[in-house]
Amino acid sequence: MTRTPRTARKALLTLHLVTSLGWLGADLVLLTLGVAVLRGADPDIVYPVAALVGTALFAPLSVVVWVVGVLSALLTPWGLLRHRWVLVKLLITTVMVLLVLFLLTPNLRAAGELGAALPPGDRADLVIAPTVSTSLMVVATVLSTYKPWGRLRRATPPPRRRATVTGRTGG
């Protein structure tokens, strides 16, 4: 690994924090909109807004957070596969990004189009999904803060052969 200058590492960390906080904020907005409908707000108004937030903000931020996180891991001493907490964060974020792109975003678009015609079970899903993702983001934040579990085990290199000194006896 080439040594990344300190200012570049700090810039990556700042970008990661800002995009992650934006992602969390957008997630909380989606949660708030979902709860608002369950509490009686007009779904014909709320769901198109949720679809816009999900497709224009939440989904793109999820990809940016993942890319910046991977770059940060690769270009800093933490490494991508050196520490368990980094690997767990990578797995959490990857699963979340896939769920956002292939499950939540299409569901938000459908909700935006259907509005009040959206079935009650699907309305609950639009509260459950951001609740789960917010919880996972908090877990990822705790992992970043406390950095538990230490390093991943390195493959042990084969033992080095010692050069043996053979004693020669005079004869």
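Numbering of residues starts from 1 in each chain and follows the order in which that chain's sequence is written. With pLDDT at 70 or above as the cut-off, local features in this predicted model cover only qualifying residues; side-chain atom pairs require 80 or more to be listed or tallied, and sums for whole chains, interfaces and linings still use all residues. To get the side-chain values, take all heavy atoms of the structure and skip hydrogens and water.

Participant: Where do I start with the layout of surface pockets in this structure?
Facilitator: Here a cavity denotes grid points, spaced 1 Å and computed from the protein atoms alone, that fit a 1.4 Å probe unable to get out, and a pocket denotes an open set having protein on both sides within 12 Å along at least 5 of 7 lines; residues with an atom within 4 Å of a point are the lining. Grid points are joined across faces, edges and corners, and a volume is the space filled by probe spheres set on the points. Looking at the largest pocket, its volume works out to about 900 Å³. What lines the largest pocket is a set of 33 residues, and nearest its centre among them are L13, H16, W85, K89 and S144. Numbering of helices and strands runs from the N terminus; a helix is a DSSP stretch of H or I covering at least four residues, while a strand is a stretch of E covering at least two. Among the secondary structure elements, those contributing two or more residues to the lining of the largest pocket are α1 (6-38), α2 (43-75), α3 (84-114) and α4 (120-146). The greatest single-element share of the lining of the largest pocket, amounting to 11 residues, is contributed by α1. Residue type decides the class: Asp, Glu, Lys and Arg count as charged, Ala, Val, Leu, Ile, Met, Phe, Trp, Tyr, Cys and Pro as nonpolar, and the leftover types, Gly among them, as polar. Among the residues making up the lining of the largest pocket, the classes are represented as 20 nonpolar, eight polar and five charged. For the second largest pocket, the calculated volume is near 280 Å³. Taken together, 14 residues make up the lining of the second largest pocket; nearest its centre are L99, L103, L104, A129 and V132.

Participant: Would you take a moment to explain the packing of α1 against α2 for this structure?
Facilitator: What describes two packed helices is the angle between their axes and the distance between those same axes. The axes used here are C-alpha line fits, helices contributing only the stretch in contact, and every angle between their N-to-C directions lies in the interval 0 to 180 degrees. As a packed pair, α1 and α2 sit with axes 8 Å apart at the nearest point and diverge in direction by 155 degrees. Compared by their axis directions, α1 and α2 come out roughly antiparallel. The chirality of how α1 crosses α2 is left-handed. Of the residues assigned to the contact of α1 with α2, the class counts are 22 nonpolar, eight polar and two charged. By the definition adopted for this analysis, an angle is roughly parallel if under 35 degrees, roughly antiparallel if over 145, roughly perpendicular if from 65 to 115, and oblique otherwise. Should the near helix be turned counterclockwise from the far one by less than a right angle, the crossing is left-handed, whereas a clockwise turn marks it as right-handed.

Participant: Quick question: what am I supposed to make of α1 here?
Facilitator: In an α-helix, one turn spans 3.6 residues; hence positions three or four apart end up facing the same way. Spanning 33 residues, α1 covers 48 Å between terminal C-alpha atoms, matching the ideal 48 Å at 1.5 Å per step. Three labels apply to residues, based on accessible area from a 1.4 Å probe with only protein chains included: buried if under 20% of the type maximum, exposed if over 50%, partly exposed otherwise in between. All buried positions along α1 are accounted for by R9, L12, H16, T19, W23, A26, D27, L30, L31, L33, G34 and V37. For this analysis, residues touch if any pair of their heavy atoms sits within 4.5 Å. Here the buried face of α1 lies against α2, α3 and α4. In the segment just after α1, G40 is the residue with positive phi, at about 115 degrees. Multiplying 1.5 Å by the helix residue count minus one yields the expected span of that helix.

Participant: Help me out: how do you make sense of the packing of aromatic side chains in this one?
Facilitator: Each aromatic ring pair is described using two quantities: the centre-to-centre distance and the angle formed by the ring planes. In summary, the pairing rule links any two rings of Phe, Tyr or Trp, Trp by its six-membered ring, whose centres are within 6.5 Å, and it sorts them by plane angle into stacked for under 30 degrees, edge-to-face for over 60 and tilted for everything else. A complete count under the given rule lists two aromatic pairs for this structure. With a centroid separation of 6.0 Å and 40 degrees between ring planes, the pair formed by W23 and F58 is classed as tilted. Here the residue W23 occupies a position in helix α1, and F58 occupies one in helix α2, the gap between them amounting to 35 residues. Side by side, W23 and F58 carry an identical accessibility label, which is buried. Both rings, one in W78 and one in W85, keep their centres 5.2 Å apart while their planes meet at 75 degrees; by these two values the pair is edge-to-face. Overall, the relative accessible area of 37% leaves W78 in the partly exposed class. Note on geometry: a ring has a charge over it if NZ (lysine) or CZ (arginine) is within 6 Å of the ring centre and within 35 degrees of the ring normal. Its guanidinium or amino end placed over the ring of W85, K147 lies 5.1 Å from that ring's centre, counting from NZ or CZ.

Participant: Would you mind showing me how to read the environment of V138 here?
Facilitator: Locating V138 in the fold gives a position in helix α4. In this structure V138 comes out as partly exposed when scored by relative accessible area, which is 44%. Considered as a pair, V138 and L24 are 114 residues apart in the sequence and their alpha carbons are 8.9 Å apart.

Participant: Where do I start with the nonpolar core in this structure?
Facilitator: Generally speaking, nonpolar side chains in soluble globular proteins are found buried as a group. Within this scheme, the nonpolar core is defined by two criteria: the residues are buried Ala, Val, Leu, Ile, Met, Phe, Trp, Tyr or Cys, and they are joined through side-chain atoms within 4.5 Å. Ranked by size, the top nonpolar core spans 27 residues in total, and within it W23, L30, Y47, F58, L104, L108 and L126 carry the most contacts. For this core, the secondary-structure elements that each account for two or more residues are α1, α2, α3 and α4. Those residues within four positions of F58 in sequence are excluded, and the remaining contacts are W23, A26, D27, L30, V53, V100, L104, S133 and M137.

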